[in-house]
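# Structure at a glance
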Amino acid sequence: QEKHNPMSEFDLENLAVCGSNLFVAGTETTSSTLRYGLLLLMKHPEVEAKVHEEIDSVIGHNQRPSLKDKMKMPYTEAVLNEIQRYITLLPSNLPHAVTKDTKFRQYVIPKGTTVLPLLSSVLLDCKEFPNPETFDPGHFLDKNGSLRKTDYFIPFSLGKRACVGEGLARVELFLFLTTILQNFSLKPLVEPRELETRPLVTGLLTVPPPFKLRLLPR
Ligand code: HEM
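Here the structure is a predicted model, which means the values were calculated and not measured. (Residues numbered from 1 in each chain as written. Predicted model: local features only at pLDDT ≥ 70, side-chain atom pairs only at ≥ 80, totals over all residues. Heavy atoms only, no water.)

## What to know about a negative patch on the surface
A surface patch of negative charge is lined by Glu 2, Glu 9, Asp 11 and Glu 13. Looking at the element boundaries, Glu 2 is found in the segment before α1 (12-43). For Glu 2, a relative accessible area of 31% corresponds to the partly exposed category. (Patch = residues over 30% accessible without salt bridge, like charges linked within 9 Å, V, L, I, M, F, W, Y side chains within 5 Å. Areas by Shrake-Rupley, 256 points an atom, 1.4 Å probe, with all protein chains shown as cover. Salt bridge = Lys/Arg side-chain N within 4 Å of Asp/Glu carboxyl O. Lys, Arg positive; Asp, Glu negative; His and termini not counted. Charge placed at Lys NZ, Arg CZ, Asp CG, Glu CD. Helix = DSSP H or I, 4+ residues; strand = E, 2+ residues; numbered from the N terminus. Buried < 20%, exposed > 50% of the residue type's maximum accessible area, 1.4 Å probe, protein only.)

## What to know about the coordination of the iron atom of the ligand
A lone protein donor binds the iron atom of the ligand: Cys 163 (SG), at 2.3 Å. With respect to the helices, strands and loops of the structure, Cys 163 is situated in the loop between α5 (120-123) and α6 (166-183). (Donors = N, O, S within 2.8 Å, 3.2 Å for Na, K, Ca; no water.)

## So, α1
Here α1 is 32 residues long and its end C-alpha atoms lie 47 Å apart, about the 46 Å a rise of 1.5 Å per residue gives. Burial in α1 covers these residues: Thr 29, Thr 30, Ser 32, Thr 33, Leu 34, Tyr 36, Gly 37, Leu 38, Leu 39, Leu 40, Leu 41 and Met 42. Elements that come into contact with the buried residues of α1 comprise α2 (45-58), α4 (74-87), α6, β5 (184-188), β7 (206-207) and β8 (213-217). (Expected span 1.5 Å × (residues − 1). Contact = heavy atoms within 4.5 Å.)

## Describing the state of the cysteines
Per the counting criterion, the structure on display carries 0 disulfides. Cys 18 takes part in no disulfide bond, and the closest cysteine sulfur to it belongs to Cys 163, at a distance of 14 Å. Cys 163 gets classed as partly exposed once you look at its relative accessible area, which sits at 38%. (Disulfide = S-S within 2.5 Å.)

## Side note on the packing of α2 against α4
At a minimum axis separation of 8 Å, α2 and α4 run at an interaxial angle of 140°. In terms of axis orientation, α2 runs oblique to α4. Of the two elements, α2 crosses α4, and the hand of that crossing is left-handed. Residues Val 47, Lys 50, Val 51 and Glu 54 of α2 form the contact with α4, whose participating residues are Pro 74, Tyr 75, Thr 76 and Val 79. Each residue belonging to the contact of α2 with α4 can be placed in one class, and the counts come to 5 nonpolar, 1 polar and 2 charged. (Axes fitted to C-alpha atoms, helices over the stretch in contact; angles between N-to-C directions. Parallel < 35°, antiparallel > 145°, perpendicular 65-115°, else oblique. Left-handed = near helix turned anticlockwise from the far one by under 90°. Nonpolar A, V, L, I, M, F, W, Y, C, P; charged D, E, K, R; others polar.)

## Side note on the confidence of the model for the chain
Summarising the model, the chain shows a mean pLDDT of 96, and 100% of its residues fall at 70 or more. Per the prediction output, this complex has pTM 0.95; the corresponding ipTM is 0.98. (pLDDT = per-residue confidence, 0-100.)

## Here we look at the nonpolar core
Leu 41, Val 79, Leu 177 and Leu 181 are the most contacted members of the largest nonpolar core, which totals 31 residues. Sorting the residues of this core by element identifies α1, α2, α4 and α6 as the ones contributing at least two each. Residue contributions to this core peak at 7 residues, all from α1. Setting aside residues no more than four positions away along its own chain, Leu 41 makes contact with Val 47, Glu 48, Val 79, Leu 177, Leu 181 and Leu 186. (Core = buried A, V, L, I, M, F, W, Y, C linked by side-chain atoms within 4.5 Å.)

## Observations regarding the packing of aromatic side chains
A complete count under the given rule lists 3 aromatic pairs for this structure. Ring geometry for Tyr 86 against Phe 135: centres 5.8 Å apart, planes inclined by 85°, an arrangement best described as edge-to-face. With Tyr 86 in helix α4 and Phe 135 in the loop between α5 and α6, the pair connects residues that are 49 residues apart, well separated along the chain. In this structure Tyr 86 comes out as partly exposed when scored by relative accessible area, which is 21%. The class for Phe 135 is buried, based on a relative accessible area of 6%. Ring centres 5.3 Å apart and planes at 80° place the aromatic pair Phe 140 and Phe 153 in the edge-to-face group. Here Phe 140 is found in the loop between α5 and α6, whereas its partner Phe 153 is found in the loop between α5 and α6, with 13 residues between them in sequence. As far as the burial class goes, Phe 140 and Phe 153 line up, both buried. Taken together, the ring pairs connect Phe 129, Phe 140 and Phe 153 into an aromatic cluster. Above the face of the Phe 129 ring, Arg 85 is positioned so that its terminal group lies 5.1 Å from the ring centre. (Phe/Tyr/Trp six-rings, centres within 6.5 Å; stacked < 30°, edge-to-face > 60°. Lys NZ or Arg CZ within 6 Å of the ring centre and 35° of its normal.)

Here you go:
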């Protein structure tokens, strides 16, 4: 259809850029989240123990984790949400631009201005998440232990340009984490309280600090 259209956007260069964008956006994000998650679970062995308990009762040891298990595992889902909330992987989101003159509080932002809509201001909101600087899966659980849905959970941003890989990322995080914890216990080389969990770098992306980890077969 586009072959004879000289203005077409569907050219080889665009294909290569889209491919590389998907690769970059889809690998570092999920792997950093998982890596940070393993560190946080080592720091909080009581949380790891509850995830183990839920895996053992819902999935058991004779079958691999699958997506149908996810809905029956509110605690594990809360842990995954809390990992993403706590680490705020992309604190400043990606740059956007306002499409028209926009009034924001006492300012007018002229059309075309680049803005960084801070996801961290929502993910670390202290009314929605009491003690936002504390890692606590309870931020996503109600008093019955069910998953608490909240509009403040926006690690993938919002609106038309929100992350296109959200569905894939959430599936990956669930399957990778449950598969690891179904088969292994995490064991730090130092006392959990000595583990440093502050990020190595926070810029466009939050980078977890380096750490050593032992995986003990269960
Ligand atoms: C934990 C994992 C991930 C997180 C936290 C994350 C987060 C984000 C955020 C905050 C944005 C910016 C949205 C905006 O501009 O408002 C974004 C954009 C994007 N993400 Fe992800 N992402 C993750 C995984 C993935 C994966 C697995 C893929 C693809 C396989 C992916 C592909 C993209 C692409 C292509 C964009 C640009 C979308 C656009 O500009 O229209 N992401 N992501």
